[in-house]
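# Observations on chain architecture
Here are the chains, one letter per residue:
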Amino acid sequence: MEFVLSELCEQVMTAHAGRKPLFICGGGSKAFYGNRHRGEGDGHNRLDLTAYRGVIDYQPSELVVTVRAGTPLAEVEQLLAGQGQMLAFEPPHYGPQATVGGCVAAGLSGPRRAAAGSVRDFVLGTRLLDAQGRMLGFGGEVMKNVAGYDVSRLLTGSLGIFGAILEVSLKVAPRPLMELTLRSEATESQAIERFGQWRSRPLPVSAGAWAAAGTGGEAGELWVRLSGAEPAVRAAAQAMGGDAVDDAQAAAFWQGLREQAHPFFAARPLWRVAVPPTAAPLGLGRTLLEWGGGQRWVAADLPAQAVREAAARAGGHATLFRPADGAAAPADGVFHPLSAPVAAITRRLKQEFDPAGLFNPDRMVPGL
Amino acid sequence: MNAITDGGVAAEPAAPDQEQIVAALREAVPGHCILYREEDTRPYECDGLSLYRMLPPVVVLPETEAQVQAVLRTCTRLNVPVVARGAGTGLSGGSMPHPRGVLLGLAKFNRILSIDPASASARVQPGVRNLAISEAAAPHGLYYAPDPSSQIACSIGGNVAENSGGVHCLKYGLTVHNVLRVRMVAMDGEIVELGSEALDVPGPDLLAVFVGSEGMLGVVTEVTVRLVPRPALARVVMASFDSVEAAGQAVARTIASGIIPAGLEMMDRRAVHMVEPFVRAGYDMDTEAILLCESDGTAEEVADEIERMEAVFREAGATRLQVSQSEAERLLFWAGRKNAFPAAGRVSPDYYCMDGTIPRRQLARVLSAIQQMEDEYGLRCANVFHAGDGNLHPLILFDSNKPDEVERAEKFGAAILELCVQVGGTVTGEHGVGIEKINQMCVQFSRDELDMFLAVKRAFDPLCLLNPEKVIPTLARCAEYGKMHVHAGELRFPDLPRF
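Residues numbered from 1 in each chain as written. Chains lettered and ligands numbered in written order. Predicted model: local features only at pLDDT ≥ 70, side-chain atom pairs only at ≥ 80, totals over all residues.

All names here are of chain A. Per the domain assignment, the segments of chain A are domain 1 (3-175 + 349-353) and domain 2 (178-322). A separation of 28 Å is found between the C-alpha centroids of domain 1 and domain 2. Listed as interface residues are 11 residues of domain 1 and, on the opposing side, 14 residues of domain 2. Considered class by class, the residues forming the side of domain 1 that touches domain 2 number six nonpolar, two polar and three charged. (Domains from an automatic or database assignment. Contact = placed C-beta atoms within 7 Å. Nonpolar A, V, L, I, M, F, W, Y, C, P; charged D, E, K, R; others polar.)

All right, on to the domain arrangement of chain B then. With domains assigned, chain B is organised as domain 1 (1-230 + 447-482) and domain 2 (233-342). With five residues of domain 1 of chain B at the contact, the number on the domain 2 of chain B side is eight residues.

This paragraph deals with the interface of chain A and chain B. Listed by partner, the interface residues are 73 residues for chain A and 83 residues for chain B. Put simply, the parts of the chain that give the side of chain A that touches chain B at least two residues each are α1 (3-18), α5 (119-122), β7 (135-139), α6 (151-155), α7 (188-199), α8 (230-240), β17 (317-322) and α11 (340-353) of chain A. Considering each element in turn, the side of chain A that touches chain B owes the most residues, eight residues, to α11(A). Of the residues contributing to the side of chain A that touches chain B, the split by class is 34 nonpolar, 26 polar and 13 charged. (Helix = DSSP H or I, 4+ residues; strand = E, 2+ residues; numbered from the N terminus.)

Moving on: unusual backbone geometry. Backbone phi values are negative for most residues with the exception of glycine, while trans is the configuration of most peptide bonds. The omega torsion of the bond from Arg268(A) to Pro269(A) falls at -5°, within 30 degrees of zero and hence cis. With respect to the element layout, Pro269(A) can be found in the loop between α9 (247-258) and β14 (270-274). With a phi close to 55°, Leu159(A) is a non-glycine residue in the positive phi region. Note on placement: Leu159(A) falls in the loop between α6 and β8 (164-171). Classification of Leu159(A) as buried rests on a count of 23 C-beta atoms within 10 Å. Positioned with a positive phi, Ala120(B) is a non-glycine residue whose angle comes to about 50°. Exposure remark for Ala120(B): the 26 C-beta atoms within 10 Å place this residue in the buried category. (Buried ≥ 20, exposed ≤ 12 C-beta atoms within 10 Å, placed from the backbone.)

Turning next to the pairing of β14(A). All names here are of chain A. Of all five residues in β14, five are buried; the element is thus mostly enclosed. Of the two faces of β14, the one carrying Leu 270, Arg 272 and Ala 274 and the one carrying Trp 271 and Val 273 are both buried. Strand direction decides the pairing type here: β14 and β17, joined by five bridges, are antiparallel. Looking at the pairing, Trp 271 lines up with Leu 320 of β17. By the bridge criterion, four bridges tie β14 to strand β16 (residues 295-299) in an arrangement that is antiparallel. Along β16, the bridge assignment pairs Arg 272 with Trp 297. (Pairing = 2+ DSSP bridges.)

In structure tokens form, the structure reads like this:
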């Protein structure tokens, strides 16, 4: 077995024997995401996946790429771009050091999510390093596969609490032949309404966002991106209205949302509120809409309870995505508390996968 | 001592008999919801795979979610297994009854609760037929994308259980990609909501693992599906090739050129000869393989894409090309493909449909191996193929009245599935493992991996009473099947230290 892999197994088995926690990490670009654990600062208990890197297989005509977890996300995206392909869920990097393993474990998706699907929709298979130091394979490299439970998708976005993802096969997509971004003036409610009208029509919408104008008040700008074959994009642009945005400016805007480089995201605390896309404005404070209204970023220093209640009333949930510097996280964690039956299943899954509680304690649910 | 069997059930020594079960269920549901006379329970003895049959001691057909809860609580108390069933169109024996259990039919949950065009979603009960959702959404210009061939009959609850696909799933995804939320009752009677219309819920993605879990984790009582706008137009290109290899090449080139067809299907010579007299779709009878490739979108977009598809096919050596000129013709082109199974039933007393998925580049190798197996097992096989996503449906033709043909068909099927695993694929693309492919799970997964599936099962259903003895084979079964720890002919990670 390869040295890097045997080292990783060794480290898990040692931790298992000594009942010591292990904090799985890639490039650290998403280290801020989730709950902190007090023992995390100690570099000795990190299970560092960055050395286990490299593309295992890439077959453009099969629409699949299989990579080791430590492979830089940027490297994979560059490889795909060379063949006119992409990761359609537009994963945020949050730093040049972002790895594919971290991308899958964090489960975050970018502007195209509402149109194309999330990370888990593109995960075809994984290889897991479990709490006993065993390597287990789930799913595979084919698009249709219902042999056994879909454990790969369960691992996606599970923040490493079940084990370390070693390898992952992702479905890839061709890059659109053409993209065009339209911008128009709208209030938040007008934007939500318009997104709703477009959603039920056959339009090639690949991203929709709204941000308040810098001037205060209700005024804001609605941005919508069309992707597809040129005739379809042109016809849709005509039907939808709005001003065509220069390509470079449009690319910068969507990149700014994807990587949270847009000035809005400098605010702390920053809440991510997910609601049914048609939900009325939440009225929680400064807001930026993504995913056609389905994902709402809120920059307001409110008690966690207030944000969560507003989200729940609208049929959604809230995450304290980036806490204020130095502020204590809510006692029940940064994520929206799970319903009792979901929490019970989650605890039992953790107990089954990692009975000694080695991996990423507290990261997803405090005390788990 | 309890014996551990397939699917993780711990069988209790003194199982309650039919009379005791019926008496207890009368406390849970009205009497007319309980069937136990043989003439009433006989229709439930198998699903779409009639090779496997088991007469259920009791069938219960609840009418409300509260009744489902009461049934599950009662069965938990009695330690009686429960098998949920939708429309019964499954092709892997997934809803085959348990010999000492309750068959829980969800046919009465047949209401579409709401359709919301602005959020492009529909909330439906599990017994609603797949096609009925699209029909109800049609006035809003929307439809439900996954379209298994059985869509006129199969129910959405069953689709969730099996993660059903269809001919359009390359572009529009499988059930897992099109379900936003599932409301289910766990075996202990607790109601659990998985997923949400608000995307990317906190906690692990339980919905993702629930979809495709073959009724072993919970009983679905409500589903919220994503709807998509119906494209203005769809047209299909039909192309002939003088070898399956050339047709396979054409598929690879299409994908590599950046086209994601709305549907991409292949039929081999025998399949074409089987369906053409039945459907009269105008298929080319003098060819080795036919491809059906669909484009959808606006009129301009479709014209543009069809032109690109034709160019790719010509370059790949297509011997004949035909583009549908009307909606009627498009449906006719598809009719042959969608009726491949009934056509098989017409030319052969029995047929056995397999469901492996392979990396597409292995197509020629796999089809030629299947051809050799025809001689080996003395049976004919026609091949239809979801070419876009690598999902093969070899149809093994046999006659159950002839001595040992059933056994040969089963062995032939098993050999095909093992070949799929060998070339990097899987034993089931969309029909599920059920009871049918439980042996082949020993080939595809190591014992440790199978144990993880059991672990997932226990996390949802600690007593392992829901659809037990399916999907996950026991150690004993795999040992008997002789494939334990052997993956693709070799031990996986033989040099990995274990403890």
